[in-house]
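Chain by chain, the residues:
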Amino acid sequence: MPTCAREYSETDIYHVFARANNREKIFLDKSDKDYYINLIKLSKDELNIRVFAFAIMDNHIHILLKAKREDLSKIMKFIQQSYTFYFNKKYKHSGRVFGSRFKSKGCNDDIYLTELVKYIHLNPKKAGLSDLYMNMFTSHRFYVSDCDSFVDVNYILNFFSADISKARIMYLDYLNLPFNCSAKDIYCDGGKH
């Protein structure tokens, strides 16, 4: 079956998502999710992209990023192929890990951009997973703490307020979540990301 031409964004901002082959679990433990997150970070550092949000679920991923249209496929090819090699080697698995090529949707509107961040960060809650899962395997933790991060949180938080402290509170209100400033250790995850 032929693939459709990829939709491109005027702003070079994309919501990228990919699902596991047969919807199987492909992120079986914390180290798998951490490995994938580090691939995103490596891509950001090496390929000059901006990352606004991500969520690593057990059988799919979401990434909100800014990349030149000609680089989007190269970036995702690197991430997906690297993770496939890692997964196949670690679990003595062969064949496809992801069900098909990644999908992407362009984002040309700031309101839609903030809605995408909300959708991505709340994806674990929608799936019935714990707040701890949301705080460990999405970029949400970087939005509510002063952790060093490869995620460009200020770009989104500035839509709420130029004062970052106020912006964080407004962001949490937007997600309809309580403000818990004592959770810094969980949000920062020991500074690994």
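Residues numbered from 1 in each chain as written. Predicted model: local features only at pLDDT ≥ 70, side-chain atom pairs only at ≥ 80, totals over all residues. Heavy atoms only, no water.

All right, on to the overall build of the protein then. A count of helical and extended segments in the protein gives 9 helices and 4 strands. Its helices and strands in sequence order give the protein the pattern β-α-β-β-α-β-α-α-α-α-α-α-α, from N to C terminus. Residues counted as buried form 48% of the 193 residues belonging to the protein. Within the protein, residue pairs in contact and separated by at least 24 positions form 72% of the contacts whose partners lie at least 6 positions apart. Here the protein displays about 10,100 Å² of accessible surface, and carbon together with sulfur accounts for 52% of that area. (Helix = DSSP H or I, 4+ residues; strand = E, 2+ residues; numbered from the N terminus. Buried < 20%, exposed > 50% of the residue type's maximum accessible area, 1.4 Å probe, protein only. Contact = heavy atoms within 4.5 Å. Areas by Shrake-Rupley, 256 points an atom, 1.4 Å probe, with all protein chains shown as cover.)

Alternating residues of strand β4 (residues 103-106) divide into Ser104 and Gly106, all buried, and Lys103 and Lys105, none buried. Sheet analysis places strand β1 (residues 13-19) next to β4, joined by 4 bridges and oriented antiparallel. In the sheet register, Phe17 faces β4, and the bridge partner there is Lys103. (Pairing = 2+ DSSP bridges.)

A few words now on the sheet that holds strand β2 (residues 50-56). Here 4 strands make up an open sheet; going across it, the order is β2-β3-β1-β4 and the pairing antiparallel. This sheet does not close on itself; its edge strands, each paired only once, are β2 and β4. When the angles between neighbouring strand axes are averaged without regard to direction, this sheet yields 15 degrees. (Axes fitted to C-alpha atoms, helices over the stretch in contact; angles between N-to-C directions.)

This part is about the pattern of salt bridges. Using the criterion set out here, one finds 9 salt bridges in the structure. Salt-bridge contacts for Lys90 lead to Asp32; the nearest nitrogen and oxygen are separated by 2.8 Å. Placement of the pair is Lys90 in helix α2 (residues 69-90) and Asp32 in helix α1 (residues 30-47), with a sequence separation of 58 residues. On the basis of relative accessible area, Lys90 is assigned to the partly exposed category, the value being 34%. Across the salt bridge formed by Lys41 and Asp45, the nearest N and O atoms sit 3.7 Å from each other. Residue Lys41 and its partner Asp45 are located together in helix α1, separated by 4 residues, close to a single helical turn. When its relative accessible area of 28% is taken as the criterion, Lys41 is described as partly exposed. Connected through shared salt-bridge partners, Lys25, Lys33 and Asp58 make up one network. (Salt bridge = Lys/Arg side-chain N within 4 Å of Asp/Glu carboxyl O.)

Okay, the packing of aromatic side chains next. Scanning the model with the defined rule gives 18 aromatic pairs in all. Following the ring pairs from residue to residue traces out a cluster consisting of Phe27, Tyr35, Tyr36, Tyr83, Tyr86, Phe87, Tyr91 and Phe98. If you follow Lys33 out to its NZ or CZ, it ends over the ring of Phe137, 5.1 Å from the centre. Taking the ring centre of Tyr155 as reference, the NZ or CZ of Arg50 above it sits at 4.9 Å. (Phe/Tyr/Trp six-rings, centres within 6.5 Å; stacked < 30°, edge-to-face > 60°. Lys NZ or Arg CZ within 6 Å of the ring centre and 35° of its normal.)

You can see Ala53 is positioned in strand β2. Expressed as a C-alpha distance, the spacing of Ala53 and His140, which sit 87 residues apart in the sequence, is 7.6 Å. Beyond its immediate sequence surroundings of up to four residues, Ala53 is in contact with His62, Ile63, Leu64, Val117, Ile120, His121, Ser139 and Val151.

Okay, the confidence of the model for the protein next. Per-residue confidence for the protein gives a mean pLDDT of 87; residues scoring 70 or more make up 89%. Taken together, the stretch residues 181-193 has pLDDT below 50 and engages in 30 contacts with residues farther than four places along the chain or on a different chain. (pLDDT = per-residue confidence, 0-100.)

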